[in-house]
Amino acid sequence: MSNIISVSGNGKDLIIDKDAVFRQIRCEKDQPLYQEIEEEYEKLLPSALQMIKPEALLGFFLFPEGKKSAIPAGSEVLYMIGTVGSEISDRASEAFQKGDYLEGMLLDGIGSAALYAFEKPVFREIRRICREKHVGIIRRFEASAHIPMELQKTVYDALQAGEKLDMKISEGYMLDPVKSSCQVFLVSKDDSVMYLTHQCGDCERKDCPARRESVTVTVKAPAAYSFSTVTGTNLLEALQENELFIHAPCGGKGRCKKCAVRVLSGNIGISAADRASFSGEELQDGKRLSCQAVLTGSCEIELITDTEENMQALGSITEQTVKDGPRAHSNAYKDDPPVKCPVRSETENRRPAASGKADAGREYGIAIDLGTTTLAFSLVDINGKRVADTCTAVNRQRSYGADVITRIEASLNQKAEILAALIREDLLRGIETLLSRNAVSPSALRLIGIAGNTTMLHLLMGYPTKGLGVFPFTAHTLALEKKSFRNVFPDSTRELFAALSDIPVVLLPGCSVFVGADIVSGLFSLGFHENDEICALIDLGTNGEMAVGNKGRLLVTSAAAGPAFEGGNIEYGTGSIPGAISSVTIRDRKAFVRTIEDGAPCGICGTGVVETAAELLRAGLMDETGALDESFLAEGFPLAQRSAGKIVFTAKDIRELQLAKAAIRAGFEVLLKRYGIGFEALSRLYIAGGFGYYLNTEKASEIGMIPKELLLKTEAVGNSSLNGVIRFMTEENPDHAEASVKRIAESSEEITLSEDPDFGELYIEHMMF
C-alpha cells in the first residue's frame, strides 16, 4: 500500500473567490441588494475563515479489478480526498434554522469556495510528489461525473479517511462533512504533463454557478511541459503555480517586460501594456507579457525571457581564502567560479559527486544565506572547522518580484503561504543535495544556521509582513531564534527529513527591518565586534545595506538602490547567467564585450552595467550628467548582437544606474559624517555580495560609486553573510559566538537616511558621474 501523505492548511490562508460565492447564491452586481449583501459578506468572511479546517490525504495505488470505470484495472492512480471540516456547514444549517437565509447561503457559498481554494496547496503537493516519482498526471476523475459514486468508498477506505480525517461515508456513498471532495488522478510515466483541473466540459450541469472551463497550456520551449488550468486565469500565475518560474522583477505590474512569452497557437489578447512594450511586428509574432495575459482558451507558448537557469551565485569562501584573508577584487569570472544554480527548482552543482562516504564520527552543520535573489548553502565540517561542500540556487520567489517591496506586496495580496512554501522547498532541496552527494547521514547533522534580510526570514517563517512595508516599519521579531527543524519546515514529508525533525535551526538576529541578519552575519565574519580599527562594509545589492565602525561603536543604514546592480530595470538587463555581458571596453565608438562563460550575448548583468557607463564616460560618449551622445540618444549605445536583435544600453538604463549608485554613495557618506570621520580614517572598505565580488572597482570609482580615495583600501569579500554563519558554527565557544552576534545586532545604531538632513543634498550631488 502507498504511503499516505497528509496536507493541512489554515482557513485564513485560503484565497476565497468572492465572485464564485456570489454566483452560487445567484447574486449579480446589477441587482438592487448587491451592495447590502456584499457588506454582509465582508462582515461574515473573517469569522467564516476561522471555521474552516482544511485537510486532505493523498496516496498512490494500483486501480483495483472489478470496478466499473473508465480507469483501466491495474493502472497507477493517485487518490485524493479532502475537506474543509464540518463547522462551517453546521453554522450554515443553524442560520437556516433560525431563518437567517442570507447568512446561511453566504456561509454555504464560502465553504464551497474554500474547498475549491484548498485545491491550490493540494495541487502543489501533488506536483511535488509526482516530481519525486518522475511521473505526470493525464486525467482527473470525479464521482458521478466520470466514475461511479461507489468508488468514493474505495478511495475513503484506501486513504483511511475515517480514522485520519474523522470523516464518514453514507450507504449512498456521500461524504460527511458535506464540504468534502474525492478525486482519482490517472498517473502517467510522462512527467511533462500535469492535468489536475476539473473538466467542467464533461459535466451535465451546464447551469452550474461554479462552472469554469478547463484549458490546456502547452509550453514548447525551453522544455516541453503541458498543464491544465481554468479560464480566466492569469498566465504568469498559472506558470508560477506549475513551477515555471520566469523572472518578473516588477511583481506582475506590466512594467519591466521581463516576463514575455511568445504565443504559438491559441488566442491571447493584446493588452495595453503589450502595446506599450512591443512593436507591431513583435505583437504579430505573438509576443505577450504573461503577467497581463488572461487565458480564455487552450494555447501553445514558448518562454522567450531568460529563466535564469545556471545563474551564477556566490557560495562560501574557500579554504585558501580562510587562510589568506579576504580576496581582493576581480575584474572577471576567474579562479574558482561559483557553483551554478539551475532554475526549475533542482538544486545541484556541476562538479563531480562526492566519491566516498563522509568520515565516520564527524559532526556537520549546514550554513545558509537566504538571499532575495539567490540562495547559498555550505556543508560545514564542525570538527575540522572547514567547508566540505557548497551549492547554490535561485530563490524561486524571484518570480513574484525582484526586491523585498514587491515580495511584501505579494505576501499581503494573499501569496504569503505560496512564498513560504517556495522558499522552504528551495531550502530543503539545498539541504538534501549537500547531504546526499557527500554521503552524510542525517544523524551526523548537528545544526542548521540561516542568515538573510529581515523580509526573507519573515517570509520563511510565515510571520506577518505588514509592518515591514509601512511606517514606522516594525518587524515581528529581530531576535536570534532557535527552532527545531520541524518548526521551520512543518510541511516536509520526505523520509530523509524525518530524522532531522529535532535538529536545531538557528536564525541569526537582525538590527532592523532594513538592516537584517545577513549584514549582522557579515559583520561577524569580518570581526567588526573585535577590531579596534574602523572599517566599513557595503553590500552592493538591491537593499544597499552598509555599516561603519569597530568593536566600540557601529553605525548601520540601508539605501534603496533598486535592482540595477542585478540587471533589474535595465532594458536588456539579466541576471548573472552564461551569455550575460559582464565586462565592456569601448574603442573608436565600438563596444568590445566579455560574457559570462563566453556564452553568446543574451543581455547585460550588473557588472556590465557599471563597466558600460564607465567606458562611455571615458570615451566621451556620455557626459558627467549622464547624457548620451546624440547619435545614440534615440536607440541606445549598441553593445552586442543577438538572434532577436541588438543589445543596447539606453538613456533610461543610465538613469537607473545613477539612482542606484547615488543612493549607495550618499548613504555611505552620511554614515561617515555621523561617525565623525573622513575617508582617511577608514582602515578597510569591504564590498560584499556576488555583484561586488566581480565588480571592477576601478571602473566603479570612475563613475563615483566608490570613492577614489578608498580604492586601494577596498576588498571584495564575497558572500560575507554565508561566511558569518560558517564562523558562527565553527567557533570554539558557541556561547561566545551567540553573544557576539547578539551584541552586533543590539548595539548597532541605525541611521534613517530619509530623515537625515544631508542625505538629499549628497544624493543629488552623486547623481553626477
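This text follows the structure it describes.
Here's what I pulled together on the structure shown here. (Residues numbered from 1 in each chain as written. Predicted model: local features only at pLDDT ≥ 70, side-chain atom pairs only at ≥ 80, totals over all residues. Heavy atoms only, no water.)

**Quick word on the overall build of the chain**
Then step 1. Secondary structure assignment for the chain yields 25 helices and 32 strands.
Then step 2. Taking 2.2 N^0.38 as the reference for a compact globule, 769 residues should give roughly 27 Å; the C-alpha atoms of the chain span a radius of gyration of 28 Å, in line with that estimate.
Then step 3. Expressed as a percentage of its 769 residues, the buried residues of the chain come to 58%.
Then step 4. In the chain, the proportion of contacts linking residues at least 24 apart, taken out of those at least 6 apart, comes to 71%.
Then step 5. Approximately 32000 Å² of the chain is accessible, and the part contributed by carbon and sulfur atoms is 48%. (Helix = DSSP H or I, 4+ residues; strand = E, 2+ residues; numbered from the N terminus. Rg over C-alpha atoms; globule rule 2.2 N^0.38 Å. Buried < 20%, exposed > 50% of the residue type's maximum accessible area, 1.4 Å probe, protein only. Contact = heavy atoms within 4.5 Å. Areas by Shrake-Rupley, 256 points an atom, 1.4 Å probe, with all protein chains shown as cover.)

**Description of the state of the cysteines**
Then step 1. Evaluation of the coordinates by the stated rule reveals zero disulfides.
Then step 2. Not engaged in a disulfide, the cysteine Cys 299 finds its nearest cysteine sulfur in Cys 259; these two sulfurs lie 14 Å apart. (Disulfide = S-S within 2.5 Å.)

**Details of unusual backbone geometry**
Then step 1. Omega for the bond connecting Asp 176 with Pro 177 falls within 30 degrees of zero, at 15 degrees, which places this linkage in the cis form.
Then step 2. Position of Pro 177 among the secondary structure elements: in the loop between β6 (175-176) and β7 (180-188).
Then step 3. Residue Pro 472 is bonded to the preceding Phe 471 through a cis peptide linkage, with omega at 10 degrees.
Then step 4. Locating Pro 472 in the fold gives a position in the loop between α14 (466-469) and β20 (481-484).
Then step 5. The backbone of Ser 144 sits at a positive phi, close to 75 degrees, despite the residue not being glycine.
Then step 6. Residue placement: Ser 144 occurs in the loop between β4 (136-142) and α6 (151-158).

**Examining the pattern of salt bridges**
Then step 1. For the coordinates displayed, the defined rule picks out 51 salt bridges.
Then step 2. Residue Asp 381 is joined to Arg 386 by a salt bridge in which the shortest nitrogen-to-oxygen separation is 3.3 Å.
Then step 3. Classification of Asp 381 as buried rests on a relative accessible area of 0%.
Then step 4. Judged by relative accessible area, which is 32%, Arg 386 ranks as partly exposed.
Then step 5. A cluster of three or more residues bridged by salt bridges with shared partners is formed by Arg 131, Glu 243, Arg 396, Glu 425, Asp 426 and Arg 429. (Salt bridge = Lys/Arg side-chain N within 4 Å of Asp/Glu carboxyl O.)

**Regarding the sheet that holds strand β26 (residues 590-595)**
Then step 1. Spatially, the three strands line up as an open sheet ordered β26-β25-β27, and their pairing is mixed. Two strands in the sheet have a free side with no partner beyond their single neighbour: β26 and β27 (603-604).
Then step 2. Running over the sheet, helix α18 (residues 606-618) touches β25 (580-587) and β27 and is turned about 10 degrees from β25. (Pairing = 2+ DSSP bridges. Axes fitted to C-alpha atoms, helices over the stretch in contact; angles between N-to-C directions.)

**Focus: the packing of aromatic side chains**
Given two aromatic rings, their pairing is described by the distance between the two centres and the angle made by the two planes.
Then step 1. The full count for this structure, using the stated rule, is 13 aromatic pairs.
Then step 2. A ring pair is formed by Phe 565 and Phe 691, whose centres lie 5.0 Å apart and whose planes are at 15 degrees; its orientation type is stacked. Placement of Phe 565 in the loop between β24 (554-558) and β25 and of Phe 691 in helix α21 (residues 690-694) is noted, with a sequence separation of 126 residues between them.
Then step 3. By relative accessible area, which is 2% here, Phe 565 ends up buried.
Then step 4. Connected via pairs of aromatic rings, a cluster forms that spans Phe 22, Tyr 34 and Tyr 41.
Then step 5. Residue placement shows Arg 553 over the ring face of Tyr 675; its charged tip is 4.7 Å from the ring centre.
Then step 6. One cation-aromatic arrangement involves Arg 587 over Phe 592; the distance from NZ or CZ to the ring centre is 4.2 Å. (Phe/Tyr/Trp six-rings, centres within 6.5 Å; stacked < 30°, edge-to-face > 60°. Lys NZ or Arg CZ within 6 Å of the ring centre and 35° of its normal.)

**Side note on the sheet that holds strand β31 (residues 714-718)**
Then step 1. An order of β31-β30-β22-β23-β24-β32 is seen for the six strands of this open sheet, with the pairing classed as mixed. Edge positions in the sheet fall to β31 and β32 (749-750), since each has one partner strand and no second.
Then step 2. For β24 and β32, the ladder comprises two bridges, and the chain directions are parallel. Following the sheet pairing, Leu 555 is matched in β32 by Glu 749.
Then step 3. Most of the contacts of helix α17 (residues 517-525) go to strand β22 (residues 535-539), to which it runs at about 140 degrees, and overall it touches β22, β23 (545-549) and β24.
Then step 4. The strands touched by helix α20 (residues 651-675) are β22, β23, β24 and β30 (684-688); relative to β23, the strand with the most contacts, the crossing angle is about 25 degrees.

Remember that the coordinates give geometry; whether it matters functionally is a separate question.
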